[in-house]
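Observations on the model geometry
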Amino acid sequence: MSRAIFDFLAASLGDAVTRGADGLPRVAPQSTDAVAAALGLANEKGLRIRVEGRGTWMPPDAPADLALTTERLDRVTAVAPLDLVATAEAGVPFRELETALARQQTWLAVDPPGSPNRTLGSVLATGTAGPARHRFGPVRDHVLGTTVATADGKLVRSGGIVVKNVAGYDLSKVQIGGFGGFGVITEVNLRLRALPAAWRLFRAEGDLDPLFHAGRAIVAADIDATVVELVCFGHRDGKVWQLVVEIAGTESGVEAEVARAEQAVAPFRLIPADRGAVGAELAAAAAEGPVTIRAGALPGSAPDTVELVGETLGKGWIGIGLGRGGLRWSGSAGPDRLRRLRHRLAEREIPLTLERAPWAIRAAVGHFGAFREGVLPLTTRVRAVFDPAGILVAPLEEATGA
Amino acid sequence: VNPVGAPPDPAADPSLIGALQAIVGERWVKTRTAERRTYEADGLPTHASVPMVAVLPGSKSEVVSIVRLLHQRQVPWVARGAGTGLSGGALADGRSVLIPLTRLNRILAIDPADRRAVIEPGVVNARLSEAAAPLGLYYAPDPSSQTACTIGGNVAENAGGPHCLKYGVTTTHVVALEVVLADGTVTRLGSRQGDAWGPDLVGLFVGSEGMFGIALEITVRLEPIPAAVRTLLADFGSIRAATEAVGSIIGSGIVPAALELLDQACIRAVEASIYAAGYPTDAAAVLLVELDGSRAAVAAEAAVVEPLLTRFGARTIRSAETAEARAKLWQGRKKAFGAMGRIAPDLVVQDAVVPRSSLPAILDAIGEVGRRHGLTIANVFHAGDGNLHPNICYDQRDLPLRDRVARASREIMEACVAAGGSITGEHGVGADKVGYMSMIFDPTSLAAMCAVRRAFDPAERANPGKVVPIHSCREWGPGGRSGGRVEPALE
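Since this is a predicted model, take the numbers as computed values, not measurements.

This next bit is on the interface of chain A and chain B. Contacts between the two partners involve 67 residues from chain A, matched on the other side by 85 residues from chain B. Of the roughly 6,000 Å² buried between chain A and chain B on both sides combined, carbon and sulfur atoms contribute 61%. Looking at the side of chain A facing chain B, the largest losses of area belong to A:Lys164, A:Val166 and A:Tyr169, adding up to 16% of the total buried there. If you look at where chain A meets chain B, you find 6 salt bridges. Of the charged contacts, one joins B:Asp114 and A:Arg216 as a salt bridge, the two residues approaching to 3.8 Å between their closest N and O atoms. Elements with a minimum of two residues in the side of chain A that touches chain B: strand 9 (155-159), helix 6 (172-175), helix 7 (208-220), helix 9 (251-265) and helix 14 (375-386) of chain A. Tallied by class, residues from the side of chain A that touches chain B come to 33 nonpolar, 15 polar and 19 charged.

All names here are of chain B. Read from one edge of the open sheet, 5 strands run 5-6-10-8-9, paired in antiparallel fashion. Two strands in the sheet have a free side with no partner beyond their single neighbour: strand 5 (107-111) and strand 9 (186-190). For this sheet, the mean angle separating the axes of adjacent strands, direction not counted, is 10°. Both strand 6 (residues 116-119) and strand 10 (residues 214-221) contribute to a ladder of 4 bridges, which runs antiparallel.

Before going further, it helps to spend a moment on the state of the cysteines. Residue and element names in this part refer to chain B. For the coordinates displayed, the defined rule picks out 1 disulfide over all chains. Here cysteine 450 connects covalently by a disulfide to cysteine 473, the sulfurs 2.0 Å from one another. Residues cysteine 450 and cysteine 473 are joined through a disulfide that is left-handed, its torsion about the S-S bond being -50°. Of this pair, cysteine 450 sits in helix 16 (residues 443-456) while cysteine 473 is found in the loop between helix 16 and strand 21 (481-482), placing the two residues 23 residues apart along the sequence. Its sulfur unpaired, cysteine 164 is 11 Å from the next cysteine sulfur, which belongs to cysteine 149. On the basis of relative accessibility, which here comes to 4%, the residue cysteine 164 falls in the buried class. Not part of a disulfide, cysteine 416 finds its nearest cysteine sulfur in cysteine 266, a span of 17 Å.

Turning to the packing of helix 11 (residues 302-313) of chain A against helix 12 (residues 335-347) of chain A, a few remarks are in order. Residue and element names in this part refer to chain A. Following both chains from N to C, one finds helix 11 and helix 12 inclined at 155°, their axes separated by 9 Å at the closest point. In this view, helix 11 runs roughly antiparallel relative to helix 12, as classed from their interaxial angle. As for the relative orientation of helix 11 and helix 12, their crossing is right-handed in sense. From helix 11, Thr305, Leu308, Val309, Glu311, Thr312 and Leu313 reach across to helix 12, where they touch Arg337, Leu338, Arg340, Leu341, Arg344 and Leu345. Residues that form the contact of helix 11 with helix 12 fall into these classes: 6 nonpolar, 2 polar and 4 charged.

Attention shifts here to the side chain of B:Arg461. Residues and elements named next belong to chain B. With respect to the helices and strands, arginine 461 occurs in the loop between helix 16 and strand 21. Here arginine 461 is buried and forms no salt bridge, its nearest opposite-charge partner aspartate 457 lying at an N-O distance of 6.0 Å. When neighbours within four sequence positions are excluded, arginine 461 is seen to be in contact with Leu70, His71, Gln74, Val75, Pro76, Trp77 and Arg453.

The next thing to look at is the nonpolar core. Grouped together as the largest cluster of nonpolar side chains are 133 residues, with contacts concentrated most on B:Leu177, B:Leu309 and B:Phe456. Sequence-distant contacts of B:Leu309, defined by excluding residues within four places in its chain, comprise B:Leu232, B:Ala234, B:Phe236, B:Ala245, B:Ile249, B:Leu287, B:Val289, B:Ala314 and B:Ile317. Grouped together as the second largest cluster of nonpolar side chains are 50 residues, A:Val219, A:Trp329, A:Leu341 and A:Leu352 included.

Rules behind the numbers
Along each chain, the written sequence defines residue order, and numbers are assigned to residues from 1. For this description, chains carry letters from A and ligands carry numbers from 1, given in the order in which they are written. Selection of residues for local features in this predicted model requires a pLDDT of at least 70, selection of side-chain atom pairs for listing and counting requires 80 or more, and totals for whole chains, interfaces and linings are taken over all residues. Derived side-chain values reflect all non-hydrogen atoms in the structure, with water molecules and hydrogen atoms excluded from consideration. Pairs of residues are marked as contacts when any of their non-hydrogen atoms sit within 4.5 Å. Computed with a 1.4 Å rolling probe, the buried area is the accessible surface lost when two parts are put together, summed over both parts. Think of a salt bridge as a Lys or Arg side-chain nitrogen and an Asp or Glu carboxyl oxygen that are within 4 Å of each other. By definition, any uninterrupted DSSP run of H or I lasting at least four residues is a helix, any uninterrupted run of E lasting at least two residues is a strand, and each is numbered from the N terminus. Residues are sorted three ways: Asp, Glu, Lys and Arg are charged, Ala, Val, Leu, Ile, Met, Phe, Trp, Tyr, Cys and Pro are nonpolar, and all the rest, Gly among them, are polar. In this description, strands pair whenever DSSP reports at least two bridges between them. Axis angles are defined between N-to-C directions and span 0 to 180 degrees, where every axis is a line fitted to C-alpha atoms and, for a helix, only to the segment in contact. Note that a disulfide, as used here, is simply two cysteine sulfur atoms within 2.5 Å. Buried residues are those whose accessible area, probed at 1.4 Å on protein chains only, stays under 20% of the maximum for their type, while exposed residues exceed 50% and partly exposed ones sit between those limits. Angle categories are assigned with fixed cut-offs, so that under 35 degrees is roughly parallel, over 145 is roughly antiparallel, 65 to 115 is roughly perpendicular, and the rest are oblique. We call a crossing left-handed when the near helix sits turned anticlockwise from the far one by less than a right angle, and right-handed when that turn is clockwise. Counting rule for charge: Lys and Arg are taken as positive, Asp and Glu as negative, and neither His nor the chain ends is counted. Joining through side-chain atoms within 4.5 Å is the link that ties buried Ala, Val, Leu, Ile, Met, Phe, Trp, Tyr and Cys residues into a set, and such a set is a nonpolar core.

What follows is the structure in structure tokens.
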């Protein structure tokens, strides 16, 4: 089968098609139109497609008839520093995007977990925001417009390139964090911010409970922080917790906010640390184990949720936002324990999203799992708009009979 | 939606009226012409349409019963908040049932620790902030109509407001919804934290202009009331200088809570009215800059912003920190639309967005459109995010004038789109801008929107005829065209 598929694709798409390490035909289109063309062909033949970026976040291991990678869609098409917007293709590595933006004194206020070589598309499709979501919100808040290729080869655009826009339904909302089930994001318009004049990061170390209260005191004092994240390298250093606080703004404004933060966390001391190094450490740690999950937990219940996650999944890295909430865990866990945690969290009205795992676990547990009542039929119908024949391999649900 | 002066509506089916009365009681079913006429328009004077009947549910379960009844009877319906919308989005025609949700006005819960509120859709925007104030919290989105508009309406329109520059529009504040779909299914979307059991259907629902269902319960994030707020008012000799000052502030990395601009026509209208705020009438523009946060942060930001204003040509800068003094500076901005009532009996508040750097050129272009059609166009807008509100004053009774207003509106939209902008930043497409949608979206994208809408409402019964031109809805999937009738393509 694979040989015939390869020949068919090669005849139609030329040298965009190669054979991947796993023997699968691998299509690497260089334009949005070429993505649509490849999808249209696959759809016509009923071929199942695995969509990949650079394979650094989600393992490129889903069974399929062909792999489609966005890695050659790697241009930052436009940066408009005066308007604070940019257009980039989905396959651009996140670090390259950041570099291109910094050259224009701008940045995208998203600090995703994982490798800096992750593609922008991977961050968008998984909706994986990092600690800066405390101030800047989830990934979707930074997306102004998208171009998406549907599984049957149509190109759908939504939004625009202005920072405020309510023309038409915002279809991009289902693609951001939709784990590839709603078409292939090929190009995106992003909302940027001007680089702040000053940017400081601090850490404090201690036990969970007192550190939690210290972090919550920063939030309660309404200190203008960009990050207030409680993290635990549980599997490495026993139970040592760290509070990571980042403050950005004007020089004198930052100084004043830091002084207030120091007061709020007393008797803990805020130890200055290198922003880049800590950011890289946190991003790497969140993908240290083979599995990464996030739980939509409110910050007020953080200690309880941490206990529940630890109890159910065992050792792992944990990060929890003390302003907006949201807990991320990375470690090793099989389908049974993940399902058990999902069930126990659901009892507390907390959704669990499987952000990253080997195929066998994704297939069994699903990124979203057992949807809440009424959500599944709606999701299925919306999905059918973007993938009518169901050829995009994206396990959103728990395997039936599991 | 019928244009103004449409023929009288057909009589409603008596058995339907009886069934609606059985759900909500006779008192809450409005069938008399005079009663129904009160719902013939929203805040946009150019569109009017009288509903077949208006039914006002008093509880969530009554809303669900009404929607189920209308589903069984295959009757289209339109949900409505306070009717302050500016796109004709909540108008129902003589074949449709109007469902005003203003009686569902309870604040169900406020959780100060996690800064969440759960409310019914008919809660008036400003009332939520009043209720949260004793807890040190407020609800950030603040449309100009906030003392009247409902949060359910805000959800439908993804409403904005001056302070959305820093805090984001409605969609960034809504974390969960309980909704009833057009077939009567009740579903909860999102979670109190904001993550979802599935894809971001809350994000998709917010801004769907009442075409995906009715929000029965809305869970929103609240923000802490800032310790300090400083409002600066700068006046400029040219509007270009004022817009350049806006760019320089944003470029400095500071995001003010609000950055609002009024042009000369608007300043003069305000100063000639009872809302006079002491704006200099010889100024080409006044710029309001609001900074908020801790005392120190506000002082630090003001120390950056004030020299920028001066450098870009501000003639004078007034600064206010007390609530009373700030209200005085804001008064002209907040009452600008009212002040324009002096100029002519009717007012179209347009809404469009351009990239911020295009503001000077687009304001010139709008001035040119006004001159060409002999119209007075006054601009008052959210300069920080390039969201324009050109106001056209006119007299509805003057038919040729009305036609000129319509042509000028279209030309303004065309100019904004040509500059890379959008046809609406916060008022929605509604009935008013359906015809403009093809300026910014290709047929495939419009068809995809229709198809997604049908995922929520396969029979297209909720708020029919709005947002996406009907002809665009016949081109998706295998269903396609069938004897001129729109077939749900996904069934």
